[in-house]
Amino acid sequence: MNSSAPMLRVRGLSRSFGGLRAVDRLDLEVGRGEIVGLLGPNGSGKTTAMNLISGALVPDAGVVEFDGEPVQGLPAFKLARKGMARSFQLVRVPCELSCLENVISGLAFGPRGIWGEAARTRARGHLARVGLADKADVPAGELTYIDQKRLELARALALQPKLLLLDEWLAGLNPTELQEGIALVREIRDSGLSILMVEHVMDAIRALCTRCVVMSAGWVIAQGQTAEVLAHPDVLAAYLGGAAHA
Amino acid sequence: MKLPQKKSLLLVWGMLAAAALLPVLSSNDYYLGLGINLSQYVLMATAWAVFSGPTRYVSLASVAFYGIGAYAVAVVGDALPLPVVFLIAVAAGSLLALLVGLATLRLSGTYFVIFTFGLAELVRQLFTWYEVNITKTVGRYIFLEVTPRQIYWELLALLALLFALSWWIQRSRLGLALRVIGEDEMVARHIGIDVTRSKLVLFVVSSAFITLTGAIMAPRWTYIDPAISFNAVISFQVVIMALLGGAGSLFGPVAGAIPLSLLFEFLSARFPNHFSILLGAAFMVIVYFVPNGVAAALSAWWRRRGKAAA
């Protein structure tokens, strides 16, 4: 739409559950072709923030601009059709569908609605891109955990998104897989996508994220260039269990 | 897994063709009556499963639609040609399904069950109120020149149409959407599936077929009143049949509806006073022993046998 606006701009995003302010006046931006890391200890509101941005939850207050257009409060399926794809913290793939069907489901309901033979051909391409070319007809439930994560990514890419939300996609990988995973995310960014990733793996954050936003107890306690943010005393305190006061 | 599906498809078309020949081969009215009864339950159980199978929402509103179909015939059956009457019935049933669906398909499963049960009762009470206070009658007579044979063939034709439509839906984009929704609604939403709309389409299709079943059956009743046409037992029977057969597969409900229709026919003839108790017992036994239905149990057994042989 508006090519001068950032891909994602979030202002004052808030959401409470009962008395708990899970996300409190969150501000963040993801520029075009940029990878931004969303960091913070467990329970700091990262996944809630992802759910608010992607439309799984409706915010109490705040603005979400996606590609220059306000989208807060829109249902998730409309955001997906506008080009916002996501992965889940605990991998979610329909287990009874084959890998090919899983990826086709990403193509069929996306912005272009690709179906039939064209969808099968493209789906095989996406499977190959994440290294699952030989698993096309295997039911997703029979894949290893790591392969299910790859499949989830292939399905997200099938939407041909402009923005990709990755929720701990690199967690639980062994060192070799981690290097492959980092290379894959970088390649996806280089193909023109913007990425917001919740992540704990420091090697991946340093390798991939140009900027980071750190949350603690629903608040942003630091944001900026990755190296600076990771050295920030409040961030260290939040992660190491000290008392942090912004 | 591909072959049994194709085989069962052929088997079902064969059975339908054979069933259609029944009135030609035998002039026994008892068998024709039994055939009509079986066909209407096979139809309703299959139509019920079209919506409830993939979405896993249990609807107890079947009889609301069935009764509306019957009443459409009772009210305008004399004045208009039968095909037009059927169209009116389908329109009325679909409209109700659309309204109910828009209001309830955002509810979670448990609330939906209770709502649909309440809906069926509400519709029955509204018809009773209208008949007593406005038309000053209790029931209505239906005298139409429709033979039992014709009813039987209409039911079979509708069943064939339903199979063809479900088969087509399964292979369509909507079918894939439903499989994803059935497994994980959250995923469905985040890949661009309009979950509410998909469920709504299915609920309307399912309800339209149940309404039409009621309309086709109406001339057979000759006399209807709200207590007959909106009898909640019909809804429960449909659910039990579909669950026994297996709501997850296209032909599962057939496997449940045929034996149970025969069982219920036998029970209501032999034990008319204890029918409800026996119905309840049958319900519990089925849910306890074959929770996924006969079709799923059979295909699991088939797979185990295949693995043991290999």
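These numbers come from a predicted model, not from an experiment.

K.L.:
Can you help me understand the overall build of chain B in this one?
P.N.:
When you go through chain B residue by residue, the secondary structure sums to 14 helices and two strands. By the compact-globule yardstick of 19 Å for 310 residues, chain B fits well, its C-alpha radius of gyration being 19 Å. Taken over the C-alpha atoms alone, chain B extends approximately 65 × 50 × 40 Å along its principal axes. Within chain B, the proportion of its 310 residues that are buried is 42%. Sequence-distant contacts, at least 24 apart, represent 80% of the contacts inside chain B between residues at least 6 apart.

K.L.:
What is the right way to read the domain arrangement of chain A from this model?
P.N.:
Interfaces are often sized by the amount of accessible area the parts lose when they come together. Residue and element names in this part refer to chain A. For chain A, the assigned domains are domain 1 (1–83 + 161–246) and domain 2 (93–160). Computed over C-alpha atoms only, the centres of domain 1 and domain 2 are separated by 25 Å. Opposite the 10 residues of domain 1 that make contact, domain 2 presents 10 residues. Counting residues per element, the ones that place at least two in the side of domain 1 that touches domain 2 are α2 (76–82) and α6 (175–190). Looking at the side of domain 1 that touches domain 2 residue by residue, the classes come out as six nonpolar, two polar and two charged.

K.L.:
When you look at the interface of chain B and chain A in this model, what are you seeing that I'm missing?
P.N.:
In this assembly, 16 residues from chain B lie in contact with 22 residues from chain A. Of all the secondary structure elements, the ones that give two or more residues to the side of chain B that touches chain A are α7 (173–183) and α8 (185–190) of chain B. With six residues, α7 of chain B is the single largest residue contributor to the side of chain B that touches chain A. Residues of the side of chain B that touches chain A, tallied by class, amount to eight nonpolar, two polar and six charged.

K.L.:
So what exactly am I meant to see when it comes to the sheet that holds strand β5 (residues 69–70) of chain A here?
P.N.:
Pairing between sheet strands relies on hydrogen bonds along the backbone, with the strands arranged either parallel or antiparallel. Residue and element names in this part refer to chain A. Taken in spatial order, the four strands line up as β2-β1-β4-β5 in an open sheet, and their pairing is antiparallel. The sheet is open, and its two borders are formed by β2 (20–30) and β5, each paired with just one other strand. Sheet analysis places strand β4 (residues 61–66) next to β5, joined by two bridges and oriented antiparallel. From the neighbouring strand, Glu65 faces β5, where its bridge partner is Pro70.

K.L.:
Looking at this structure, I do not really get the packing of helix α2 (residues 29–55) of chain B against helix α6 (residues 148–171) of chain B. What am I missing?
P.N.:
Angle between the axes and distance between the axes: these two values describe a pair of packed helices. Residues and elements named next belong to chain B. One can describe the packing of α2 onto α6 by two numbers: an axis separation of 9 Å at closest approach and a directional angle of 25°. Between α2 and α6, the angle falls in the class roughly parallel. Considering how the two elements wind past one another, α2 and α6 form a crossing that is left-handed. Residue-level inspection shows Leu32, Gly33, Gly35, Ile36, Ser39, Gln40, Val42, Leu43, Thr46, Ala47 and Val50 of α2 in contact with α6, the latter providing Pro148, Arg149, Ile151, Tyr152, Leu155, Leu156, Leu158, Leu159, Leu162 and Ser166. Within the contact of α2 with α6, the residues separate by chemical class into 14 nonpolar, six polar and one charged.

K.L.:
Can you help me understand the nonpolar core in this one?
P.N.:
Side chains of nonpolar character tend, in soluble globular proteins, to be buried together. Core analysis: the biggest nonpolar cluster contains 160 residues, and Leu163 and Val214 of chain A together with Ala45 and Ala215 of chain B have the highest contact counts within it. Here the element with the most residues in this core is α2 of chain B; it accounts for 12 residues. Each of domain 1 (1–83 + 161–246) and domain 2 (93–160) of chain A gives at least three residues to this core. Among all residues touching Val214 of chain A, those that are not within four sequence positions of it are Leu39, Gly40, Val220, Ile221, Ala222, Gln223, Val229, Val235 and Ala238 of chain A.

K.L.:
Would you mind showing me how to read the UniProt feature "transmembrane region" (unreviewed entry) in chain B here?
P.N.:
Residue and element names in this part refer to chain B. Using the residue numbers shown here, the UniProt feature "transmembrane region" (unreviewed entry) corresponds to residues 30–50, 57–76, 82–103, 110–130, 150–169, 200–218, 238–264 and 276–302. Between the first and last C-alpha atoms of residues 30–50 the distance is 30 Å; the span itself is 100% helix and 0% strand. Within residues 200–218, the helical portion is 100% and the strand portion 0%, while the C-alpha atoms at the span's ends are 27 Å from each other.

Quick notes on the rules
- Residues numbered from 1 in each chain as written.
- Chains lettered and ligands numbered in written order.
- Predicted model: local features only at pLDDT ≥ 70, side-chain atom pairs only at ≥ 80, totals over all residues.
- Helix = DSSP H or I, 4+ residues; strand = E, 2+ residues; numbered from the N terminus.
- Rg over C-alpha atoms; globule rule 2.2 N^0.38 Å.
- Buried ≥ 20, exposed ≤ 12 C-beta atoms within 10 Å, placed from the backbone.
- Contact = placed C-beta atoms within 7 Å.
- Domains from an automatic or database assignment.
- Nonpolar A, V, L, I, M, F, W, Y, C, P; charged D, E, K, R; others polar.
- Pairing = 2+ DSSP bridges.
- Axes fitted to C-alpha atoms, helices over the stretch in contact; angles between N-to-C directions.
- Parallel < 35°, antiparallel > 145°, perpendicular 65-115°, else oblique.
- Left-handed = near helix turned anticlockwise from the far one by under 90°.
- Core = buried A, V, L, I, M, F, W, Y, C linked by C-beta atoms within 7 Å.
- UniProt positions renumbered as here; feature names shortened; annotations may be inferred.

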